[in-house]
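An overview of the molecular structure
What follows is the residue order along each chain.
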Amino acid sequence: MTETEADKSQGRRAIAAAFLQDAQREATPWRSRADFAFEAVYLYALSALGDQADSYEHPDARVLSDAADKAGLTAVEIEPAVEYLQHRYAPASSDNGSAYGALISIAKKFAEEG
């Protein structure tokens, strides 16, 4: 990984950490908390992929599965994030933040990997 890629990866981790912190603020509505948690997961995943992250067309569920492989997470562990991504941009699919707990857990696992 080049220095520029390392800087980009560290920048993504810093933003992910901020999203994770925002996701844990109790005053924030559940849906927003889940969205923040997902953003943290996705940015940590991009960081885990390093220079490979730019080869995807975002958002891409493969980012999550490929990063999970690199971080030692199973398909079952990353599945809540993949499902959240599938429904995140579908306006007909309503979600009140029910995946929040799983997303927080995944984000924390990715955070520990860095």
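The structure we're discussing is the one just above.
What comes next concerns the included structure. (Residues numbered from 1 in each chain as written. Predicted model: local features only at pLDDT ≥ 70, side-chain atom pairs only at ≥ 80, totals over all residues. Heavy atoms only, no water.)

For the rest of this paragraph, the subject is unusual backbone geometry. Cis geometry marks the peptide bond from histidine 58 to proline 59; its omega dihedral reads -5°. Inspection of the secondary structure puts proline 59 in the loop between helix H2 (30–49) and helix H3 (61–71). (Helix = DSSP H or I, 4+ residues; strand = E, 2+ residues; numbered from the N terminus.)

Along the chain, tyrosine 100 falls in helix H5 (residues 100–113). Excluding residues that lie within four positions of it along the chain, tyrosine 100 makes contacts with Ala23, Gln24, Trp30, Arg33 and Ala34. Within polar-contact distance, the side chain of tyrosine 100 engages the side chain of arginine 33 at 2.8 Å. (Contact = heavy atoms within 4.5 Å. Polar contact = N/O pair within 3.5 Å; in protein donor to acceptor, adjacent residues only side chain to side chain.)

All right, on to helix H4 (residues 75–88) then. Between its first and last C-alpha, H4 extends 19 Å over 14 residues, near the 20 Å set by a 1.5 Å rise per residue. Inspection of H4 places Ile78, Ala81, Val82, Tyr84, Leu85 and Arg88 among the buried residues, and these make up the whole buried set. On its buried face, H4 is in contact with H2, H3 and H5. (Expected span 1.5 Å × (residues − 1). Buried < 20%, exposed > 50% of the residue type's maximum accessible area, 1.4 Å probe, protein only.)

Counting 34 residues, the largest nonpolar core has Val41, Leu64, Ile78, Leu103 and Phe110 as the members making the most contacts within it. The contacts of phenylalanine 110, once residues within four sequence positions are left out, are Arg13, Val41, Tyr44, Ala45, Ala67, Ala68, Ala71 and Ile78. (Core = buried A, V, L, I, M, F, W, Y, C linked by side-chain atoms within 4.5 Å.)

A few words on the packing of H2 against H5. Direction vectors running N to C along H2 and H5 enclose 30°, while the axes themselves pass 8 Å from each other. Here H2 lies roughly parallel to H5, going by the angle between them. As for the relative orientation of H2 and H5, their crossing is left-handed in sense. Facing Trp30, Arg33, Ala34, Ala37, Phe38, Ala40, Val41, Tyr44 and Ala45 of H2, the residues of H5 in contact are Tyr100, Leu103, Ile104, Ile106, Ala107, Phe110 and Ala111. Residues of the contact of H2 with H5, tallied by class, amount to 15 nonpolar, no polar and 1 charged. (Axes fitted to C-alpha atoms, helices over the stretch in contact; angles between N-to-C directions. Parallel < 35°, antiparallel > 145°, perpendicular 65-115°, else oblique. Left-handed = near helix turned anticlockwise from the far one by under 90°. Nonpolar A, V, L, I, M, F, W, Y, C, P; charged D, E, K, R; others polar.)

Another aspect to go through is the pattern of salt bridges. Per the counting criterion, the structure on display carries 8 salt bridges. Between arginine 25 and aspartate 22 there is a salt bridge whose closest N-O contact spans 3.1 Å. Judged by its relative accessible area of 25%, aspartate 22 is partly exposed. As a salt-bridge pair, aspartate 35 and arginine 31 come within 3.2 Å of each other at their nearest N and O atoms. Taken together, the positions of aspartate 35 and arginine 31, both in helix H2 and 4 residues apart, correspond to about one turn of that helix. Under the relative-accessibility criterion, aspartate 35 is labelled buried at 16%. It is possible to trace a salt-bridge network through shared partners that takes in Arg31, Asp35, Glu39 and Arg88. (Salt bridge = Lys/Arg side-chain N within 4 Å of Asp/Glu carboxyl O.)

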